[in-house]
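Spelled out from the first residue to the last, the chains are:
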Amino acid sequence: MDLRLLLISTLLGTFYNSYAQKEGNECIIASAKHCGECIQAGAKCGWCKDPAFLKQGEAVSTRCDELQSLVKRGCNVDMIESPKGERKILRNKPVTNRKKGGEKLQPHEITQIQPQKLNLTLRSGEPQTFDLKFKRAEDYPIDLYYLMDLSYSMKDDLENVKNLGTSLMQKMSKITSDFQIGFGSFVEKTVMPYISTTPAKLLNPCTGDQNCTSPFSYRNVLNLTSDGKQFNTLVGQQQISGNLDSPEGGFDAIMQVAVCGNLIGWRDVTRLLVFSTDAGFHFAGDGKLGGIVLPNDGKCHLEDNVYTMSHYYDYPSIAHLVQKLSDNNIQTIFAVTEEFQPVYQELKNLIPKSAVGTLSANSSNVINLIIDAYNSLSSEVILENSKLPSGVTITYTSRCKNGVVNGGENGRKCSNISIGDEVTFSISVTSKGCPNEGMSDTIKIKPLGFTEELEITLNFICGCDCQKVGINKSPLCHSNGTYECGDCRCEDGHVGRECECSSNDVATEDMDRTCRKDNTTDICSNSGDCVCGTCECKNRDNPEERYSGQFCECDNFSCDRSGNKLCGGHGRCECRVCVCDLMWAGSACDCSLDNTTCMASNKQICNGRGTCDCGICKCTDPKFQGPTCEICPTCPGVCTEHKECVQCRTFGTGEKKDTCEKDCSYFTLIKVKDRDKLPQPNDAAYPVMHCKERDANDCWFYYTYAVNNNTVKEVHVVDSLDCPAGPDIIPIVAGVVAGIVLIGLALLLIWKLLMIIHDRREFAKFEKEKMNAKWDTQENPIYKSPINQFQNPSYGRKAAVL
């Protein structure tokens, strides 16, 4: 178990040390040898060029530190080199405010972003922030190029597109007074297996009596024009063609439309490309089916308005298309049938500033589709920037309509923008180190789909002004280096504070001997390096901690501590000894010489019952405690004084139960289970008063009162009351009931006994009277009846004979 704890402790320590080093002072970690290295370490770093700044044993890199640390160490602010970046606006033309039908302006005279040109001077780690305004101009010119699939399945669609020019002109006139439209068509690469290469099929790829034109890859039918009737005429002359497979070669056509701007007639205005099809698409790699393996070169190959290299170059990749569409500020509208909606929705997610509309089976809704898609595209602005130099980063924060603020990746865009709305983007550019070896660079930021852009020239601060006035081959550097920024910058092959040594002679025993204190074995006290016979002390991650001295034997962080503070926070550490501030003493400056903290309420030092030692009273009478020896926890009356508060806080009863929280929070309450758990006078390190008090119900409660060594008042209380035992109701009731029952039974028995005796007496009396009555019924012996009875003797015998 101990081994496991030791391992965990070691791992935690290693993690903490590595984390601390990573999160340490970047200026010190850089170990800069000259001012240029220092200011490239971070935006907070500065270089002290004061020649007398370094103390004995401190390395040249010690001149590089955070600004507040340099000032604290005694470097005058005027002697600190810390150049700052700057921002300069070179062109700041206001955004255009005009209404439709107003002053006629050329496209290049309309401004939708502000500013247009900036110059940024960047210092490593210091961001330069500026605002970019964007406002959709009203009546802004629009170029629309309609690119249509002319495979056989689009036959009925072609009929509806033939009148698209004039109809679309009328609709778009409500949006802009300067509108141009063009037309192009595509089918497929003219090689197997995309089309049939038999002579007959090359002339007419359709079957039966259908008359179709020869297959082609892409044809520019009409350059961008403001003549809608010409559009109708030329489109009306187009014929359907055919191919073998289902996907079409539309990507070849899109690439040519994007890169052949001069031939097609794109202007520097809003550019819309409507891609109309009822099928999928081939992309990079599919050309291998026809033996075409050369990647698309992204260049224009139109001859007589026909793409001539479809059989030579593969289809472009999606990423290639995205790049070219973005470079040429083209916004794409995919007008596709419902069947292929999911496919083109996924494609839309890969192509910024694109939209997808559902095309009816015969393209009858194409005009409404274009208008809706244009409104959707123009209501969102997305910023993009050109490739950044290595080490340069850029962040965006958008402030859109209705106070909506977005950051991160969403900080590049604002949605639901109407014509005339103005939105603002806050853009921060930051460099790390010195990109491009200090050479200037240019980046551009623009809203996707717009030709206007902000041009930013980046300049990088890679050195200090004091380096520009350095003295080469200075005598102060033994003519072996340049004296600049308060110190020597040695030439290759020389080292030392004054470049006095050759690097070949540095590691010698004689020089090391001068770096050992009192002939010990430790070179520079193991806290520095011996350079040219002189100790150069190591830097520490904490900018406040430093080694110093001839042998790096001193430091300012190994002094005694008090309250986890170096020198108690009341002094400074010099060569491992605390130098205390005024009115403080002791090895850790923790002894206050101010007696005011010992003054009691009666204006006596320690209440006259103690002595003041380092600002703390030491009471001579053991009965008294507290910071000024005024507390007597064992004096008479203590128990009665705290009775009500102990009662209300423990049991919620007593006279102070309603004001308990207000009046009785001055002590710490600790509850115990029984009286044996209360602190005993002999066990505690401070006096303890035992108390026994009675409440209104004649119940006793027990507690102790004491003031501990930290002057905190402690009350230990038994959490149960000791109340007198009341009568046991059940036995009493049982006894009473039993007594009543027994008495009742006894009375019944007595009554029964009396009744038996009474009955027996009555029965005896009855018997006696009965005997008397029987004697009264006998005949008087001297009585002679007057009646005589005689019997006929014959009567009896006669009767017997019969």
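Residues numbered from 1 in each chain as written. Predicted model: local features only at pLDDT ≥ 70, side-chain atom pairs only at ≥ 80, totals over all residues. Heavy atoms only, no water.

### Focus on the pairing of strand β16 (residues 381-385)
Strand direction decides the pairing type here: β16 and strand β19 (residues 413-414), joined by two bridges, are antiparallel. Each bridged residue has a counterpart across the sheet, and for V381 the counterpart in β19 is C414. Bridge count between β16 and strand β21 (residues 441-447): three bridges; the pairing is antiparallel. Across the sheet, the residue bridging to E384 is K446, located in β21. (Pairing = 2+ DSSP bridges. Helix = DSSP H or I, 4+ residues; strand = E, 2+ residues; numbered from the N terminus.)

### Re the packing of helix α9 (residues 250-259) against helix α11 (residues 318-327)
Where α9 meets α11, the axes come as close as 9 Å, and the angle between the chain directions of the two elements is 25°. Looking at the two axes, α9 sits roughly parallel to α11. The hand of the α9/α11 crossing is left-handed. Contacts between α9 and α11 involve F251, I254, M255, A258 and V259 on the former and, on the latter, I318, H320, L321, K324 and L325. (Axes fitted to C-alpha atoms, helices over the stretch in contact; angles between N-to-C directions. Parallel < 35°, antiparallel > 145°, perpendicular 65-115°, else oblique. Left-handed = near helix turned anticlockwise from the far one by under 90°. Contact = heavy atoms within 4.5 Å.)

### Considering the side chain of S151
Counting through the fold element by element, S151 comes out in the loop between β8 (142-149) and α5 (155-161). Taking the relative accessible area as the measure of exposure, S151 reaches 2% and is therefore buried. Filtering out sequence-adjacent residues up to four positions away, S151 remains in contact with F186, V187, I240, S241, N243, E248 and D278. (Buried < 20%, exposed > 50% of the residue type's maximum accessible area, 1.4 Å probe, protein only.)

### Comments concerning the nonpolar core
In this structure, L144, Y146, L168 and F183 are the most contacted members of the largest nonpolar core, which totals 37 residues. For this core, the element with the most residues is helix α13 (residues 366-378), which contributes eight residues. Setting aside anything within four residues of it in sequence, one finds F183 in contact with Y145, Y146, M148, V161, N220, V221, L222, F231, V235 and Q238. Membership of the second largest hydrophobic core comes to 31 residues, among which are L147, Y218, V322 and F340. (Core = buried A, V, L, I, M, F, W, Y, C linked by side-chain atoms within 4.5 Å.)

### What to know about α13
Here α13 is 13 residues long and its end C-alpha atoms lie 18 Å apart, about the 18 Å a rise of 1.5 Å per residue gives. Within α13, burial applies to V366, I367, L369, I370, I371, A373, Y374, L377 and S378. Here the buried face of α13 lies against β8, α6 (164-172), β11 (270-277), β14 (330-337) and β15 (354-359). (Expected span 1.5 Å × (residues − 1).)

### Some words on the domain arrangement of the chain
For the chain, the assigned domains read domain 1 (95-138 + 391-461), domain 2 (150-378), domain 3 (561-592), domain 4 (594-635) and domain 5 (638-718). Each of domain 1 and domain 5 has a C-alpha centre, and the two are 72 Å apart. (Domains from an automatic or database assignment.)

### Things to note about the pattern of salt bridges
The final tally for this structure, using the stated rule, is 22 salt bridges. Of the charged contacts in the structure, one is a salt bridge between D487 and R63, with a shortest N-O distance of 2.9 Å. Of the two residues, D487 is situated in strand β24 (residues 487-490) and R63 in the loop between β1 (45-48) and β2 (64-66); the sequence distance between them amounts to 424 residues. This pair shows no difference in class: D487 is buried, exactly as R63 is. Put simply, D421 and K401 hold a salt bridge, and the shortest N to O gap is 3.2 Å. Taken together, the residues span a long stretch of sequence, with D421 in the loop between β19 and β20 (422-431) and K401 in the loop between β17 (392-399) and β18 (405-406) at a distance of 20 residues. Connected through salt bridges with shared partners, the residues E58, D65, R73 and R546 form a single ionic network. (Salt bridge = Lys/Arg side-chain N within 4 Å of Asp/Glu carboxyl O.)

### With respect to a nonpolar patch on the surface
There is a patch of nonpolar side chains on the surface, built from I729, V733, V737, V741, L742, L745, L748, W751 and M755 and spanning about 860 Å² of accessible area. Its location among the elements puts L748 in helix α18 (residues 729-775). (Patch = residues over 30% accessible without salt bridge, like charges linked within 9 Å, V, L, I, M, F, W, Y side chains within 5 Å. Areas by Shrake-Rupley, 256 points an atom, 1.4 Å probe, with all protein chains shown as cover.)

### Notes on the confidence of the model for the chain
On average, residues of the chain score 84 in pLDDT, and 92% of them are at 70 or above. Low pLDDT, under 50, characterises residues 1-23; the stretch is placed with two contacts to residues that sit more than four places away or in other chains. Below a pLDDT of 50 lies the segment residues 798-802, which in the model reaches zero contacts outside its immediate sequence neighbourhood of four places, other chains included. (pLDDT = per-residue confidence, 0-100.)

### Observations regarding the state of the cysteines
Scanning all chains against the criterion turns up 26 disulfides. The residue that forms a disulfide with C591 is C614, at a sulfur-sulfur distance of 1.8 Å. Taking the torsion about the sulfur-sulfur bond, which here is approximately -90°, the covalent link between C591 and C614 counts as left-handed. Of this pair, C591 sits in strand β36 (residues 591-592) while C614 sits in the loop between β37 (610-613) and β38 (616-619), and the two are 23 residues apart along the sequence. A relative accessible area of 13% places C591 in the buried class. (Disulfide = S-S within 2.5 Å.)

### Overview of unusual backbone geometry
For residues besides glycine, phi is generally negative; the peptide bonds are generally trans as well. Look at the link from Q114 to P115: it is a cis peptide, with omega at 0°. Cis geometry is adopted by the peptide bond preceding P193, which originates at M192 and carries an omega value of 5°. Relative to the helices and strands, P193 resides in the loop between β9 (179-186) and α7 (199-203). Its identity is not glycine, yet M583 carries a phi of approximately 75°, on the positive side. Tracing the sequence through the fold places M583 in the loop between β34 (577-580) and β35 (584-585). In this structure, D698 is a non-glycine residue whose phi angle is positive, near 60°. With relative accessibility at 42%, the residue D698 sits in the partly exposed group.

### Brief notes about the sheet that holds strand β7 (residues 128-135)
Backbone-to-backbone hydrogen bonds join strands into a sheet, with any given pair of strands oriented parallel or antiparallel. What the five strands build is an open sheet, ordered β5-β7-β20-β17-β18; its pairing is antiparallel. Strands with a single pairing partner mark the edges of an open sheet, and in this sheet they are β5 (113-114) and β18. Bridging between β5 and β7 involves two bridges; their strand directions are antiparallel. Within β7, the position partnered with Q114 by the bridge is K133.

### Some remarks on the sheet that holds strand β4 (residues 86-91)
Spatial ordering of the open sheet is given by β4-β6-β22-β21-β16-β19, a layout of six strands whose pairing is mixed. Edge positions in the sheet fall to β4 and β19, since each has one partner strand and no second. Both β4 and strand β6 (residues 117-122) contribute to a ladder of five bridges, which runs antiparallel. Following the sheet pairing, I89 is matched in β6 by L118.

### Some thoughts on the packing of α6 against helix α8 (residues 228-236)
It is at 6 Å that the axes of α6 and α8 come closest, and there the two elements cross at 150°. Accordingly, the angle class assigned to the pair α6 and α8 is roughly antiparallel. Residues L164, G165, T166 and M169 of α6 form the contact with α8, whose participating residues are G228, K229, F231 and N232. The class makeup of the residues in the contact of α6 with α8 is three nonpolar, four polar and one charged. (Nonpolar A, V, L, I, M, F, W, Y, C, P; charged D, E, K, R; others polar.)

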